[in-house]
Amino acid sequence: QVQLVESGGGLVQAGGSLRLSCAASGRTFSTNAMGWFRQAPGKEREFVAAITGSGRNTFSGDSVKGRFTISRDNAKNTVYLQMNSLKPEDTAVYYCAADRNSWYSKTWDYWGQGTQVTVSS
């Protein structure tokens, strides 16, 4: 079992930055690839970024490439999402998820409760 708690959301102006954090507990953190997803009102959940258990490989959705960076600190059991050059269309609830495997297998077994990010124009 893995428990995930997101933090760092808030209100920011367009062009600004935020860093989200996701603290994990319950099992050896490095055994799970981790991901970030988002869901805006009335829209489907969207993949944002993922990182393998070792942190060596990262993956990003097309809408955030070049602006968002995922990273992790296995010593702190935490995964981060650095969001730069934010746009109003980035407004959503952001969720952290843990993959069943250490590689990016897209089998998301565990989810956090979400943190709201609002970007004003």
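Residues numbered from 1 in each chain as written. Predicted model: local features only at pLDDT ≥ 70, side-chain atom pairs only at ≥ 80, totals over all residues. Heavy atoms only, no water.

Visitor: Even after reading the chapter, I still don't get the overall build of the protein chain, so can you show me in this structure?
Guide: Across its full length, the protein chain holds 0 helices and 11 strands. Walking the protein chain from its N terminus toward its C terminus, one meets helices and strands in the order β-β-β-β-β-β-β-β-β-β-β. On C-alpha atoms alone, the protein chain measures out to a radius of gyration of 13 Å, which is about the 14 Å that the 2.2 N^0.38 rule sets for 121 residues. Per-residue burial for the protein chain yields a buried fraction of 42% across its 121 residues. Taking as baseline every contact in the protein chain between residues at least 6 positions apart, the subset at least 24 positions apart corresponds to 57%. (Helix = DSSP H or I, 4+ residues; strand = E, 2+ residues; numbered from the N terminus. Rg over C-alpha atoms; globule rule 2.2 N^0.38 Å. Buried < 20%, exposed > 50% of the residue type's maximum accessible area, 1.4 Å probe, protein only. Contact = heavy atoms within 4.5 Å.)

Visitor: It is not clear to me how the nonpolar core should be interpreted in this structure. Could you clarify?
Guide: In globular proteins that are soluble, nonpolar side chains generally tend to be buried together. Among the nonpolar cores identified, the biggest contains 28 residues, and Leu4, Met34, Trp36, Val79, Leu81, Met83 and Tyr94 are the most heavily contacted of them. For this core, the secondary-structure elements that each account for two or more residues are strand S3 (18-25), strand S4 (34-39), strand S5 (46-51), strand S7 (68-73), strand S8 (78-83), strand S9 (92-99) and strand S11 (115-120). (Core = buried A, V, L, I, M, F, W, Y, C linked by side-chain atoms within 4.5 Å.)

Visitor: I'm lost on the state of the cysteines in this one. Help?
Guide: By definition, a disulfide links two cysteine residues through a covalent bond between their sulfur atoms. Inspection of the entire model under this criterion finds 1 disulfide. In this model Cys22 forms its disulfide with Cys96; the gap between the sulfur atoms is 2.1 Å. Around the S-S axis, the bridge from Cys22 to Cys96 shows a dihedral of about -75° and counts as left-handed. Taken together, the positions of Cys22 in strand S3 and Cys96 in strand S9 put the pair 74 residues apart, joining distant regions of the chain. On the basis of relative accessible area, Cys22 is assigned to the buried category, the value being 0%. (Disulfide = S-S within 2.5 Å.)

Visitor: Quick question: what am I supposed to make of the packing of aromatic side chains here?
Guide: The description of two aromatic rings rests on the distance between their centres and on the angle between their planes. In the structure shown here, the tally under the stated rule is 6 aromatic pairs. Measuring from ring centre to ring centre gives 5.7 Å for Phe37 and Phe47, while their planes differ by 70°; the resulting arrangement is edge-to-face. Residue Phe37 is found in strand S4, and its partner Phe47 is found in strand S5; the two are separated by 10 residues along the sequence. Clustering of aromatic rings is evident, with ring pairs tying together Phe37, Phe47, Phe59, Tyr104, Trp108 and Trp111. Sitting above the plane of the Phe37 ring, Arg45 keeps its charged end 5.7 Å from the centroid. (Phe/Tyr/Trp six-rings, centres within 6.5 Å; stacked < 30°, edge-to-face > 60°. Lys NZ or Arg CZ within 6 Å of the ring centre and 35° of its normal.)

Visitor: Explain the sheet that holds strand S1 (residues 3-7) here, please?
Guide: Adjacent strands of a sheet pair through backbone hydrogen bonds, lying either parallel or antiparallel. One open sheet holds the 4 strands; their spatial order is S1-S3-S8-S7, and the pairing between them is antiparallel. A single partner strand is all that each edge strand has here, and the edge strands are S1 and S7. Shown here is a sheet whose adjacent strand axes are inclined to one another by a mean of 15°, direction ignored. Pairing geometry for S7 and S8, over 6 bridges, is antiparallel. Each bridged residue has a counterpart across the sheet, and for Phe68 the counterpart in S8 is Met83. (Pairing = 2+ DSSP bridges. Axes fitted to C-alpha atoms, helices over the stretch in contact; angles between N-to-C directions.)

Visitor: Help me out: how do you make sense of the side chain of Arg38 in this one?
Guide: Tracing the chain through its elements places Arg38 in strand S4. Leave out the neighbours within four places in its chain, and Arg38 touches Glu44, Arg45, Glu46, Val48, Ser63, Val64, Phe68, Glu89, Asp90, Ala92, Val93 and Tyr94.

Visitor: Would you mind showing me how to read the pairing of S3 here?
Guide: Two faces, one strand: in a regular strand the side chains alternate between the faces of the sheet. The pairing of S1 with S3 spans 5 bridges and is antiparallel. Bridge pairing in S3 places Val5 opposite Ala23. The pairing of S3 with S8 spans 6 bridges and is antiparallel. Across the sheet, the residue bridging to Ser21 is Tyr80, located in S8.

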